[in-house]
Every structure is written in structure tokens, then in C-alpha cells.
Amino acid sequence: KNIRLRAKAILAAALLALGGAAAGAAVAASVPESPDPIVIGKLDWTGQEITAEIAGEILRRMGYKVQFVQTTQVPLFQAVADGQITAYLENWNQSSKKYYDEYTADGRIEGLGETGLVGQEGWYYPAYVEEKCPGLPEWTALKKCADIFATPDTAPQGRLLDYPAEWTPDSANWVKAWGLEFVTVPSGGEGATAAEVKSAAARKEPILLQWWEPTWLASIYDLKRVVLDSAGEGCKLAAAAGVQSKKAFDCNSNGIEIVKFGWPQMKDKWPAAYKFLKAYQITNEQQGPLAMTVETEGKKAADVAK
């Protein structure tokens, strides 16, 4: 029931953004302005799939044809600039911010505003690890217990399961700056990381991973985030090493900006859809339970979006 109410609220907000109920009805009469499909880009994690599918479902109910295209991070920007993809609705402006800034600066893509999500990332571990590594969640605890995270491939150093290589991870920079005895190992994506966490949790084995929120994985497996030390040593070491990022333990981090962007010609070809996508937002509290439903109940994101 709550999900249905939220969906109605999102649709109502879209109509208001078009100028109220009367104006919305007038615009709807001319929709679709073009018979061509609106193409929404997707990357490879469940949360953004929910974001995309809900927007796509609303656009269909407005009268548009909608298609989805699975892509990867870097080619996505050029695909939107070329009009092959009409919009992308959950861009995490940390590692990809340089592309977003470059493409918006010269008008190749158009920013469509914030998604509404509050993002953060960092190093995470299951709560039970605190019993084996006293001092967590402060990062300094990792100096004394790296060996409990070791695997046959990394021993005697600990293993930190990182983002996939194409996401341009920076954990190795932090490991070096902090002088930790860890090896960073790239994961195969959200699904592969989830499988490793599930396996480790079943055996109560220590695991340390680069991850983000909002995410269903953190909720299901009670993942805790590594934080800065109260004495400020972590900030000083990072600054001396020239490390900058948007991790939760970054001294200058106020969270991650999560934005939408689109093909600049969209406003002329599909003006009502353009207004909706600029107005469209989704919150952590809305996305999280829906993503968890997909992952734990085997439902498709498209069905959950409806």
C-alpha cells in the first residue's frame, strides 16, 4: 500500500511540475510529441535500475514509448551526447564527475538536476567483525588486525574487496596513505560482491569491502562503515599524500552528489517528458526497500516499479 501511495505521489508531483492539473491535461493531449522511443540508460546495480524503471513506467503512463539500454560508465556520456540514450537518472558524481563536468561545460549533455538520493561510500564490514577487530569502526583498528582479512592470495596482508576496475576505484590510495597492510582486489560488480558477502556472513568470516549507500546489501547483512579516528590522524595522512575522494571517511566529504543528465535536444523533441525528468526525484527511503525486494524476493525491477 505504501509503495502505491508513493508512486501516486511521484506522478502527482510530475503533473504539478507541468503547471498544475489543468496544464498537465493540456500537455497530455499532445503527448507523445514524437513517436520515437525515449531511451533511458542503465548501469549494473539494482538501485539505479529501480530509479530508471520507475521513471520509465511513469513516462509510459504519460503516453511515451520507452526503451532501456544497458551500458557502462564512460561510454554512457558520449551515448547521451549523441542522442543514442535520451537520459541517465542516477549518476554518482565522484569518480565520474570529471566526465560530467566536461560534457555539461561544453553543452554536449544537459544536467537535469539532483536525483533526490543521498549518497555515501566507504569501506564496510559485517557487524560481527568488531568482535575480532577491537577498535572498529575507527580506521586505526585496521592497523592491528589486517591479518584476519587475509586470504590465500593475499596472506599475510589483508584483502580489501574493491569496486570493479572500470569504476575507477581509489581504495589503494587510501591504503598507501594510511600505511595499511592490505591488498585491494577489484570485484566483478554488485552481484559478485553480494555473493562474497553472503558467503562470508554465513561462515562469520571477516570481510572488508568498498561499498556505498543507499544499498540493499548494507541493510540485509548489517554492514558497518569504517570512520575517521577521533584524533584526526587519518585526515593528516590523507592530506599529506594528496588523497581526495568522496568516501565517508574523507575529511572534506559532505556526501556524494547524485544527478540526472540528458540529451540536450530532448527539451525540443519531447518537452513534456523533459519537464517530468527534471522534476523526477526518488529518496533513499523509497529506493532501498524496492531494491531489497528485487534482490531477496526474486522480483524484476520493472514489476516492482509498477
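See above for the structure.
The text that follows walks through the structure, step by step, so that each part is easy to find. (Residues numbered from 1 in each chain as written. Predicted model: local features only at pLDDT ≥ 70, side-chain atom pairs only at ≥ 80, totals over all residues. Heavy atoms only, no water.)

Some words on unusual backbone geometry
Each neighbour pair has its own omega, and for Val31 with Pro32 the value is 5°, a cis peptide bond. Along the chain, Pro32 turns up in the loop between helix H2 (20–29) and strand E1 (38–42). Between Glu213 and the following residue, Pro214, the backbone shows a cis peptide bond with an omega angle of 10°. Phi is positive for Thr168, close to 45°, though the residue is something other than glycine. Its location among the elements puts Thr168 in the loop between strand E6 (158–162) and helix H6 (171–178). (Helix = DSSP H or I, 4+ residues; strand = E, 2+ residues; numbered from the N terminus.)

Focus: the nonpolar core
Most often, soluble globular proteins have nonpolar side chains that are buried together. Of all hydrophobic cores here, the largest spans 90 residues; its most connected members are Leu59, Tyr64 and Trp123. Beyond its immediate stretch of four places on either side in the chain, Tyr64 contacts Val31, Pro32, Glu33, Ile38, Leu59, Trp270, Ala272 and Ala273. (Core = buried A, V, L, I, M, F, W, Y, C linked by side-chain atoms within 4.5 Å. Buried < 20%, exposed > 50% of the residue type's maximum accessible area, 1.4 Å probe, protein only. Contact = heavy atoms within 4.5 Å.)

Focus: the pairing of strand E2 (residues 66–70)
Inspection of the sheet shows E1 paired to E2 by five bridges, in the parallel sense. Across the sheet, residue Lys42 finds its bridge partner in E2, namely Gln70. In this fold, E1 hands off to helix H3 (residues 46–62), which returns the chain to E2; that crossover is right-handed. (Pairing = 2+ DSSP bridges. Right-handed = clockwise from strand over helix to strand, strands pointing away.)

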